[in-house]
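Structure at a glance
Given next are the chains, with one letter for each unit.
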Amino acid sequence: MNNSIYALLEILGVFLFTIEGIFVKGIEMHPIINVFFTYLVYALLSFIILTITGKMNINLVGKLLDSKFIIVNILNIIKTAGLYIGYRYLPISFAIVLKMMSPAFIIFGDAILNSTKINLIEGIGIGLTIFFIIMIYRKELYNAIKYINPVFIFGLIGMLLFNIFNAFIVIKLPKYIKDNNPNEEIFLSTTFAFGLLFILLLGLFTFGINLFKKYKTSNMIKMIILFCFTCYGGMGLIFLSDNNLNPTLFSLLQYSQILLAFIFGYFLEGEKFSISKIIIILFLIGSIILTNIYSNNKNINE
């Protein structure tokens, strides 16, 4: 296949990842249950793929004795829960834009944890990105602060947790998120994380707290099916594109999520976009792309 086909596959994968937030927002479910179902889907599908392809080569016991592997999985649970909290309680476009701020968190995190220097263009790009986001969502931010909107603030905290823990894993524990056989690594990590969540939910149930009780079985089945397409389907297409596209083109196409975010916000949540707001959005996309193109941070480039 030529590059144009892989580019289209990446755009489709990005689209699937983006609509995940819409379904998380639209189908009422506790964030922990959403994380539980996400890891269930990843664990089952990766196991099926490994079994069919005959590439099951796993040392699960060895991984369970690796303290860093355990830490990564606990952080991934918190990170994913934070993402779903953001999707649930923030405007969908705002949540996706904040999700796409992860490179800025990686750059700042690397500077704090490893004393790496932030180059001038990186600093300008990150500063402009923050400024444009505030300009786009200034009314929502102002109202949340003025009227102390706990739901909006809770959503912001969720996205903050997502970006902080994602940056920490990328900076300090990169080998645990890179593998030549992604299905194997996904099976190992998500099976362990699923087990941790199962124990947590079982413990809560023992004390009379049943998080599943108030939700319809049909909604739970819907979420599982949707996660099969949005999470695993999107990941598979993006991984395929990553292995066959020029790294710069691949990175640029990832930011089509931002355009999709505002399109979904317009059609699904009735967001209004004046000419000035559209111009600011274009500047926002430009500042994020500028930051990544001229970044010297090895964690982002890799």
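Residues numbered from 1 in each chain as written. Predicted model: local features only at pLDDT ≥ 70, side-chain atom pairs only at ≥ 80, totals over all residues. Heavy atoms only, no water.

Things to note about the environment of Leu 211
Threshold: For the purposes of this entry, the term helix denotes a DSSP run of H or I that reaches at least four residues, the term strand denotes a run of E that reaches at least two, and both are numbered from the N terminus. For the exposure calls, accessible area comes from a 1.4 Å probe over protein chains only, and a residue counts as buried if that area is under 20% of its type's maximum, exposed if over 50%, partly exposed in between. Should any heavy atoms of two residues lie within 4.5 Å, those residues are counted as being in contact.
Considering the arrangement of structural elements, one finds Leu 211 in the loop between helix H10 (182–206) and helix H11 (217–242). Given a relative accessible area of 18%, Leu 211 falls into the buried group. C-alpha of Leu 211 to C-alpha of His 30: the two residues are 181 residues apart in sequence and 7.2 Å apart in space. Sequence-distant contacts of Leu 211, that is, excluding residues within four places in its chain, are made with His 30, Ile 32, Ile 33, Leu 201 and Leu 204.

Some thoughts on a nonpolar patch on the surface
How we decide: Excluding any residue in a salt bridge, patches collect residues exceeding 30% relative accessible area, merging like charges within 9 Å and nonpolar Val, Leu, Ile, Met, Phe, Trp and Tyr side chains within 5 Å. To measure how exposed things are, a 1.4 Å probe is used in the Shrake-Rupley method; for residues, cover is taken only from the protein chains shown. Counted as salt bridges are all cases of a side-chain nitrogen of Lys or Arg within 4 Å of a carboxyl oxygen of Asp or Glu.
On the surface, Ile 74, Ile 78, Ile 148, Ile 153, Ile 157 and Leu 161 cluster together to form a nonpolar patch covering roughly 480 Å² of accessible area. At the level of secondary structure, the elements contributing two or more residues to the nonpolar patch comprise helix H4 (67–89) and helix H9 (150–172). Secondary-structure assignment places Ile 157 in helix H9.

Quick notes on the confidence of the model for the chain
Quick note on the threshold: Every residue gets a pLDDT, meaning the predictor's confidence in that residue, from 0 to 100.
Taken residue by residue, the chain gives an average pLDDT of 84. The fraction at 70 or more is 90%. Mean pLDDT across the elements of the chain bottoms out in helix H15 (residues 298–301) (56) and peaks in H9 (92).

Quick look at H11
Since one α-helical turn is 3.6 residues long, residues separated by three or four positions face the same way. As a reminder of what qualifies: Multiplying one less than the number of residues by 1.5 Å gives the expected span of a helix. Here the bend at a residue is taken as the angle between two axes, fitted respectively to the seven residues that end there and the seven that start there.
Relative to the 38 Å expected for 26 residues at 1.5 Å per residue, H11 spans 36 Å between its end C-alpha atoms, a close match to the ideal helical length. Where H11 bends most, at Phe 227, the angle is about 30 degrees.

A look at helix H14 (residues 275–293)
This is how it is decided: By definition, the arc is the one covered by directions from the helix axis to the C-beta atoms.
For H14, built from 19 residues, the straight-helix expectation of 27 Å at 1.5 Å per residue is met to within 8% by its first-to-last C-alpha distance of 27 Å. Listed as buried for H14 are Lys 277, Ile 280, Ile 281, Leu 284, Ile 285, Ser 287, Ile 288, Thr 291 and Asn 292. Considered in projection along H14, the buried side chains sweep an arc of 160 degrees and stay on one side of the axis. Turned more than 90 degrees away from the buried face of H14 sit Ile 275 and Leu 282, all of them exposed.

Overview of the layout of surface pockets
In plain terms, the rule: A cavity here means a set of 1 Å grid points, computed over protein atoms only, where a 1.4 Å probe fits but cannot escape. A pocket is an open set with protein on both sides within 12 Å along at least 5 of 7 lines, and lining residues have an atom within 4 Å of a point. Grid points are joined across faces, edges and corners, and a volume is the space filled by probe spheres set on the points. In this classification, Asp, Glu, Lys and Arg are treated as charged, Ala, Val, Leu, Ile, Met, Phe, Trp, Tyr, Cys and Pro as nonpolar, and every other residue, Gly included, as polar.
Of the voids in this model, the second largest pocket is the one considered here, and its volume is about 260 Å³. Those elements giving two or more residues to the lining of the second largest pocket turn out to be helix H5 (92–99), helix H7 (120–136) and H9. The element contributing the most residues to the lining of the second largest pocket is H9, with four residues. Considering only residue class, the lining of the second largest pocket consists of eleven nonpolar, one polar and no charged.

Notes on the packing of aromatic side chains
Ring pairs (aromatic) are described by centroid distance and by the angle formed between their planes. Note the following rule: Aromatic pairs are defined between Phe, Tyr and Trp rings, using the six-membered ring for Trp, whenever the two ring centres lie within 6.5 Å; interplanar angles under 30 degrees are classed as stacked, those over 60 as edge-to-face, and all others as tilted.
With the rule as written, the count across this model stands at 17 aromatic pairs. Measuring from ring centre to ring centre gives 5.9 Å for Phe 36 and Phe 37, while their planes differ by 55 degrees; the resulting arrangement is tilted. On the numbers, 5.6 Å between centres and 35 degrees between planes, the contact of Phe 47 with Phe 187 is tilted. Taken together, the residues span a long stretch of sequence, with Phe 47 in helix H2 (residues 31–53) and Phe 187 in helix H10 at a distance of 140 residues. A relative accessible area of 39% means that Phe 47 is categorised as partly exposed. Overall, the relative accessible area of 13% leaves Phe 187 in the buried class. Counting every residue linked through ring pairs, the aromatic cluster contains Phe 36, Phe 37, Phe 194 and Phe 212.

Let's talk about empty space enclosed by the protein
This model, assessed by the stated rule, comprises one cavity of 30 Å³ or more. The volume enclosed by the largest cavity comes to roughly 60 Å³. Those elements that place two or more of their residues in the lining of the largest cavity are helix H6 (102–114), H7 and H14. The leading source of residues in the lining of the largest cavity is H14, at three residues. For the lining of the largest cavity, the residue count by class is six nonpolar, three polar and no charged.

Here's the deal with the pattern of salt bridges
Per the counting criterion, the structure on display carries one salt bridge. Residues Lys 25 and Glu 269 are paired through a salt bridge, measuring 3.7 Å at the closest nitrogen-oxygen approach. Note that Lys 25 is positioned in helix H1 (residues 3–26) and Glu 269 in helix H13 (residues 256–269), a separation of 244 residues in sequence. According to the relative accessible area criterion, Lys 25 is partly exposed, its value standing at 23%. You can call Glu 269 partly exposed: its relative accessible area is 30%.

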